[in-house]
Amino acid sequence: MLIERPLTGTIGAEIEGVDLKQPISSDLAGELRDALDRRLVVFFRDQFIDVAQQKVLTRVFGPLARSTYIEGMPDDPFVIRVIKEAYEGGGVFGGDWHSDLSFLEQPPGGSVLNAVEVPPYGGDTLWASQVAAYEALPPDLRTVLDGRDAVHVGKPHGVKWAPPMETRMTGAIRIVRDDPTADEERSHPAVLTHPVTGRRSVYVNPIYVTRLDGMTEEESRPLLDRLRIHCIRPEFFCRFRWTAGTVAVWDNYSTLHYAVNDYAGFRRLMMRTTFSGRAIAEWRRATS
Ligand code: SIN
């Protein structure tokens, strides 16, 4: 029997009573999807699964998706090694509040992160519920966002906003830069409605949203700045302390996440797989 241990009042749960090395029945798959829909990020400790078992788990939540803008493993483009070596300085992959690839026409539905090697301290990951953020929106921000699109641009991956050469991450992860298509604007609803739970969430990515539809970047900036501070309030997030063998699954539409870069001198290795989500049109249809 599944035991769900919530991490906070708003987001996250550890799930006990599951052995992810065993086949996943359709009943169990349904329970896992339900847990994810409600808790937005779920964790399974002490699993020590291999890549094949990780892919089986990933497919529970949606079709396996190939990574875009991040180079997969040479022998398996569906798997990314999220690695920071002990000797690496500088930034860390995912070290800013974001959701993944929201500038795509169809952003990924979510990801699975499998902890292979973790530092003795630090290297936590935070996930912020954008459902909780929506529910607590100040009325004036809610009025601005409801029924409006936000405009996303793949800034760090494009040409126009690419980071300067000397600040680009040089570590073990290969990120695609200088793709002119990433500079194109893409509109998505600023508020999504979950097609199953009906809960609304803010969908304004701090790193990719440049403006709100119908406004210039200058007009949008003060609103986006307020929104960014609001959406990552501690009441809305959980902070997860990894142990080797732990697996996390998150909903990429209803959360933001942040990898904490505080473990200099230690190696951290995670295997990451991604699943496609329900068409964003379904989330938009439900909103209007
Ligand atoms: C990410 O997927 O953004 C990185 C998460 C992590 O390494 O904790």
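To be clear, the structure that these remarks concern was listed above.
Residues numbered from 1 in each chain as written. Predicted model: local features only at pLDDT ≥ 70, side-chain atom pairs only at ≥ 80, totals over all residues. Heavy atoms only, no water.

Enquirer: Tell me what's going on with the site of the ligand, and back it up with residues and numbers.
Expert: Around the ligand, the surrounding shell consists of Val82, Phe93, Gly94, His98, Leu113, Thr125, Trp250, His257, Ala259, Arg268 and Arg272. The contact in question runs from an oxygen atom of the ligand to an N or O atom on the side chain of histidine 257, over 3.1 Å. Relative to its free-state accessible area of 260 Å², the ligand is covered by the protein chains to the extent of 100%. Elements supplying a minimum of two residues to the shell around the ligand: strand S15 (255–259) and strand S16 (268–276). (Near = heavy atom within 4 Å. Polar contact = N/O pair within 3.5 Å; in protein donor to acceptor, adjacent residues only side chain to side chain. Areas by Shrake-Rupley, 256 points an atom, 1.4 Å probe, with all protein chains shown as cover. Helix = DSSP H or I, 4+ residues; strand = E, 2+ residues; numbered from the N terminus.)

Enquirer: Which residues make up the sheet that holds S15, and what values go with them?
Expert: With antiparallel pairing, the three strands of this open sheet are ordered in space as S13-S7-S15. Both outer strands of the open sheet, strand S13 (237–240) and S15, are each paired with one neighbouring strand and no more. Strand after strand, the sheet turns through a mean of 15 degrees between neighbouring axes, direction not considered. Examined bridge by bridge, strand S7 (residues 125–129) and S15 share five bridges and lie antiparallel to one another. From the neighbouring strand, serine 129 faces S15, where its bridge partner is threonine 255. (Pairing = 2+ DSSP bridges. Axes fitted to C-alpha atoms, helices over the stretch in contact; angles between N-to-C directions.)

Enquirer: Now, about helix H5 (residues 217–231): what can you tell me, with residues and values included?
Expert: Taking 1.5 Å of rise per residue, 15 residues should cover 21 Å, and H5 covers 19 Å from first to last C-alpha, within 8% of that figure. Considering bend angle alone, the principal kink of H5 is centred on leucine 223 and spans about 25 degrees. Among the residues of H5, those classed as buried are Ser220, Leu223, Leu224, Leu227, His230 and Cys231. (Expected span 1.5 Å × (residues − 1). Bend = angle between axes of the 7 residues up to and from the residue. Buried < 20%, exposed > 50% of the residue type's maximum accessible area, 1.4 Å probe, protein only.)

Enquirer: Summarise the state of the cysteines; cite the residues concerned and give the values.
Expert: One pass over the structure, following the stated rule, counts zero disulfides. Cysteine 231 takes part in no disulfide bond, and the closest cysteine sulfur, belonging to cysteine 238, lies 15 Å away. Relative accessible area serves as the criterion here: at 2%, cysteine 231 is assigned to the buried category. Judged by relative accessible area, cysteine 238 falls into the buried class, the value being 1%. (Disulfide = S-S within 2.5 Å.)

Enquirer: Any chance you could break down the nonpolar core for me, citing the residues and the numbers?
Expert: With 26 residues, the main nonpolar core has Leu137, Leu145, Val202, Val204, Leu212 and Leu227 as its most contacted residues. Residue assignment for this core shows that the elements contributing at least two residues are S7, helix H3 (130–135), helix H4 (139–145), strand S12 (209–212) and H5. In this view, valine 202 contacts Gln130, Ala133, Tyr134, Leu137, Leu145, Ala190, Leu227, Cys231 and Tyr253; residues no more than four positions away in its chain are not counted. In this structure, Leu40, Phe43, Ile173 and Phe240 belong to the second largest nonpolar core, which totals 24 residues. (Core = buried A, V, L, I, M, F, W, Y, C linked by side-chain atoms within 4.5 Å. Contact = heavy atoms within 4.5 Å.)

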